[in-house]
Amino acid sequence: MPTVLVTGGAGFIGSNFVRHLLATDPQARVVTLDSLTYAGNLANLADLAGNPRHTFVKADITDRAAVRAAVGAGVTDLIHFAAESHVDRSIQDSGPFVRTNVLGTQLLLDAAREFGVKRYVQVSTDEVYGTLGPTGLFTEETPLQPNSPYSASKAAADLLVRAYHHTFGMDVVTTRCSNNYGPYQFPEKLIPLFLTNLMNDEPVPVYGDGMQIRDWIHVLDHCRGVEAAWRKGKAGEVYNFGGRCEMPNLELTKLLLRLLGKPETLIRYVKDRPGHDRRYAIDCSKAERELGWVPQVPFDRGLAETIAWYRANAAWVAGIKNKDYLGYYEKQYGKL
Ligand code: NAD
Ligand code: DAU
């Protein structure tokens, strides 16, 4: 019976993963470890309260003693989601990104090694590959060329994971996924920020010309990918995951406006993100071939369900977008 330590399990993807694993594997025990930063929210796990196979530990992954205590308490497998995850914040202050994403990963690797964890999964991102031109796809062989402090800190963590495999023979697997959307995503990322603004008839900030391209994947497809990599991946290997759903930001913005029945006058073209990556697109054929994984949620269905979720969970949104909250852009540059 596996006891899986899930770091960052109170965040967006981590909470979806914890719920998915407990629902699909009746044998699994899950320990969620999370320090509850601005992005971590126990409300994301509220429906798991009282589940005897789930426990929550409030701890910071940069606290060596806390990490050793958690990992040393019978953990068999470790799946590492916890991170500072928002690119714009990393441009404002890279300190927390280096601390959590690099130092935190090192302390988890050390503890996993010390306590003989069977398999360590590093949840990374396609952003470590940098940016693409109009054609081509990121494969697992694409050189790491991170362009933001966020992606640089994730790439540094990936290299530590690689080194612990090479040097100590640790059983590690790394996943690199494209842009996720779905329920419980913190409304600073494009889709939930725009949805929650538009639901209040508030404007939405499109960076630069809005022609940057992202490859969208439903969070549950990502969660299934992480699970498949954990169960079936080969030690030391990297697996890319993507939704085969490339879209320029402006096209996505107009789609959201249409789906919510809002006018295009709510679009505000604002100063571009410094160093903004132009295009991400993933070749996920290795995961399909070796893990038997395929993305299952079509974008139109996933987006409709996501919109319905944000509508039905106005209290969750209000708990975040309280009186102190401003969209990140507004916080940095003022009222839209
Ligand atoms: P998120 O910001 O929603 O959640 C991050 C979680 O980590 C939060 O619960 C937060 O409290 C926790 N955390 C942060 N610092 C911590 C620390 N020092 N100690 C303990 N807990 C800490 O992020 P997300 O979007 O769910 O991303 C999860 C992981 O997936 C990250 O590693 C990210 O790099 C990766 N990823 C995200 C995407 C995406 O589109 N969101 C795509 C690919 C990969
Ligand atoms: O590709 C995977 C990555 O996807 C993850 O590693 C990151 O954790 C996650 O945050 C996400 O990074 P992005 O920077 O691509 O996501 P974000 O939602 O911040 O932005 C998506 C695109 O939309 C990007 O081109 C910037 C643009 N954008 C974003 C915001 C928040 C806007 O034009 N306006 C906005 O207000």
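For the structure, see preceding data.
Residues numbered from 1 in each chain as written. Chains lettered and ligands numbered in written order. Predicted model: local features only at pLDDT ≥ 70, side-chain atom pairs only at ≥ 80, totals over all residues. Heavy atoms only, no water.

1. Brief notes about the sheet that holds strand E1 (residues 3-7)
Ordered in space as E3-E2-E1-E4-E5-E6-E10, the 7 strands form an open sheet in which the pairing is parallel. Two strands in the sheet have a free side with no partner beyond their single neighbour: strand E3 (54-58) and strand E10 (238-241). The average angle at which neighbouring strand axes cross in this sheet is 20°, direction not considered. Pairing analysis gives 5 bridges linking strand E2 (residues 29-34) to E3, with the strands arranged parallel. Note that in E3 the partner of Asp34 across the bridge is Lys58. Packed on one face of the sheet, helix H7 (residues 219-232) meets E1, strand E4 (77-80), strand E5 (119-125), strand E6 (172-177) and E10 and runs near 145° to E5. (Pairing = 2+ DSSP bridges. Helix = DSSP H or I, 4+ residues; strand = E, 2+ residues; numbered from the N terminus. Axes fitted to C-alpha atoms, helices over the stretch in contact; angles between N-to-C directions. Contact = heavy atoms within 4.5 Å.)

2. Examining the side chain of Asp126
Looking at the element boundaries, Asp126 is found in the loop between E5 and helix H5 (149-168). If we ignore the near neighbours within four places in the chain, the residues touching Asp126 are Phe138, Arg176, Cys177, Ser178, Tyr280 and Ile282.

3. Re the site of ligand 1
The environment of ligand 1 is formed by 29 residues, the closest being Ile13, Asp34, Ser85, Tyr150 and Lys154. In the model, a nitrogen atom of ligand 1 is placed 3.0 Å from a nitrogen or oxygen of the Ile61 main chain. Here an oxygen atom of ligand 1 sits 2.7 Å away from a polar atom, N or O, in the side chain of Ser85. The protein chains hide 96% of the 840 Å² of surface that ligand 1 would expose on its own. Of all elements in the fold, only helix H1 (12-24), E5, H5 and strand E7 (179-181) reach the threshold of two or more residues within the shell around ligand 1. At 3 residues, the largest contribution of residues to the shell around ligand 1 is made by E5. Per-class residue counts for the shell around ligand 1 are 13 nonpolar, 12 polar and 4 charged. (Near = heavy atom within 4 Å. Polar contact = N/O pair within 3.5 Å; in protein donor to acceptor, adjacent residues only side chain to side chain. Areas by Shrake-Rupley, 256 points an atom, 1.4 Å probe, with all protein chains shown as cover. Nonpolar A, V, L, I, M, F, W, Y, C, P; charged D, E, K, R; others polar.)

4. Overview of the nonpolar core
Counting 50 residues, the largest nonpolar core has Phe17, Ile79, Phe81, Ile191, Trp216 and Phe299 as the members making the most contacts within it. In terms of residues, this core owes the most to one element, H1, which gives 6 residues. Not counting the four nearest positions on each side in its chain, Trp216 is found in contact with Asn179, Asn180, Tyr181, Leu190, Ile191, Gly243, Cys245, Met247, Leu252 and Phe299. Within the second largest apolar cluster, 22 residues are counted, among which are Val31, Ile61, Ala70 and Ala111. (Core = buried A, V, L, I, M, F, W, Y, C linked by side-chain atoms within 4.5 Å. Buried < 20%, exposed > 50% of the residue type's maximum accessible area, 1.4 Å probe, protein only.)

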